[in-house]
Amino acid sequence: MVIKPIAKLYNDFPSKFGIPRQSGRITELKSKIIFEKEFRIEEAFRGLDQFSHLWLIWEFSESKKEEWSATVRPPRLGGNKRIGVFATRSPFRPNALGLSCVKLEAIEKDEKQGIVLIVSGADLMNGTPIYDIKPYIPYADCIEAAQGGFAEEHKDYKAEVEIPENLLTMIPEDKRKALIKVLEDDPRPSYKKDIEKAYGFPFADYEIKFTAKENKIIVTDIIKL
């Protein structure tokens, strides 16, 4: 089977560091899905507005490796315990495909780009190729008794965030809550939580600098790029 991207997703994350660990965790994050020219056919989107959420099938385009490993070290387990790759959502897989559930916020029509989807809660990097989109169907896709394995142990983790007011006001108001939520999710790898280390990641048009002390993220600088 030969597959090719039908669209690309665009958002405020130009690099991997800082991206939410799972889809749906940070609903304040908005993204655009812009389709390739051959898929900008309005009939292909007929009925899509009846659904609140979508499944995205996409590519780990920045995490490719020539060889795959049968086991990986999930960051949330401290980076020391090996788990089978099929029991994780690691990007280093036999096929570098990802699956994310996002909320469909709007369907817009642009003169040059055709139909554009506005979604929230994506855990993808800016420019990520999208291979398919399917509607989320609650009665079939939501399994109330499902078990989440080791991932359940860390689902409620939340860091305290400290951002000086003079730095926070540099960020556009409509993006501040999303930035705070990203920091609350603690973008540092669990196995590299060095309290002496300074961290940074690009977000929108800014570089966010921070340090950490125990369970507290302290923003030290915000630089306009």
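Residues numbered from 1 in each chain as written. Predicted model: local features only at pLDDT ≥ 70, side-chain atom pairs only at ≥ 80, totals over all residues. Heavy atoms only, no water.

1. Points about the overall build of the chain
The following threshold applies: Here a strand is any run of E in DSSP of at least two residues, a helix any run of H or I of at least four, and the numbering for each starts at the N terminus. Atoms counted for the radius of gyration: C-alpha only. Globule rule: 2.2 Å times the number of residues to the power 0.38. Should any heavy atoms of two residues lie within 4.5 Å, those residues are considered in contact. Per-residue accessibility takes into account occlusion by the displayed protein chains alone, with areas from the Shrake-Rupley method and a 1.4 Å probe. The charged-residue count follows a simple rule in which Lys and Arg add positive charge and Asp and Glu add negative charge, with His and chain termini not counted at all. We put the charge of a Lys on NZ, of an Arg on CZ, of an Asp on CG and of a Glu on CD.
Per the secondary structure count, the chain includes 3 helices and 12 strands. Over its C-alpha atoms the chain spans a radius of gyration of 18 Å, differing by no more than 12% from the 17 Å that the globule rule assigns to 225 residues. Projected onto its principal axes, the C-alpha coordinates of the chain cover approximately 55 × 45 × 35 Å. Within the chain, residue pairs in contact and separated by at least 24 positions form 68% of the contacts whose partners lie at least 6 positions apart. Accessible area for the chain stands at about 13800 Å²; split by element, carbon and sulfur atoms hold 50% of it. Here the chain holds 36 positive side-chain charges and 36 negative ones, and the gap between their average locations is 3 Å.

2. A short note on the packing of aromatic side chains
Worth spelling out the cut-off: Within 6.5 Å between ring centres, the rings of Phe, Tyr and Trp (the latter by its six-membered ring) count as paired, and their orientation is classed by plane angle as stacked under 30 degrees, edge-to-face over 60, tilted in between. A 1.4 Å probe rolled over the protein chains alone gives each residue an accessible area, and that area as a share of the maximum for its type sets the label: buried under 20%, exposed over 50%, partly exposed in between.
One pass over the structure, following the stated rule, counts 9 aromatic pairs. Aromatic side chains Trp 68 and Phe 86 sit 6.2 Å apart centroid to centroid with 40° between the ring planes, which places their arrangement in the tilted category. Separated by 18 residues along the polypeptide, Trp 68 in the loop between strand 3 (53–59) and strand 4 (71–72) and Phe 86 in the loop between strand 5 (83–84) and strand 6 (97–110) bring together distant segments of the chain. Taking the relative accessible area as the measure of exposure, Trp 68 reaches 45% and is therefore partly exposed. Given a relative accessible area of 65%, Phe 86 falls into the exposed group. Judged by centre distance (5.3 Å) and plane angle (15°), the rings of Tyr 199 and Phe 210 are stacked.

Read these as geometric descriptors, not functional statements.
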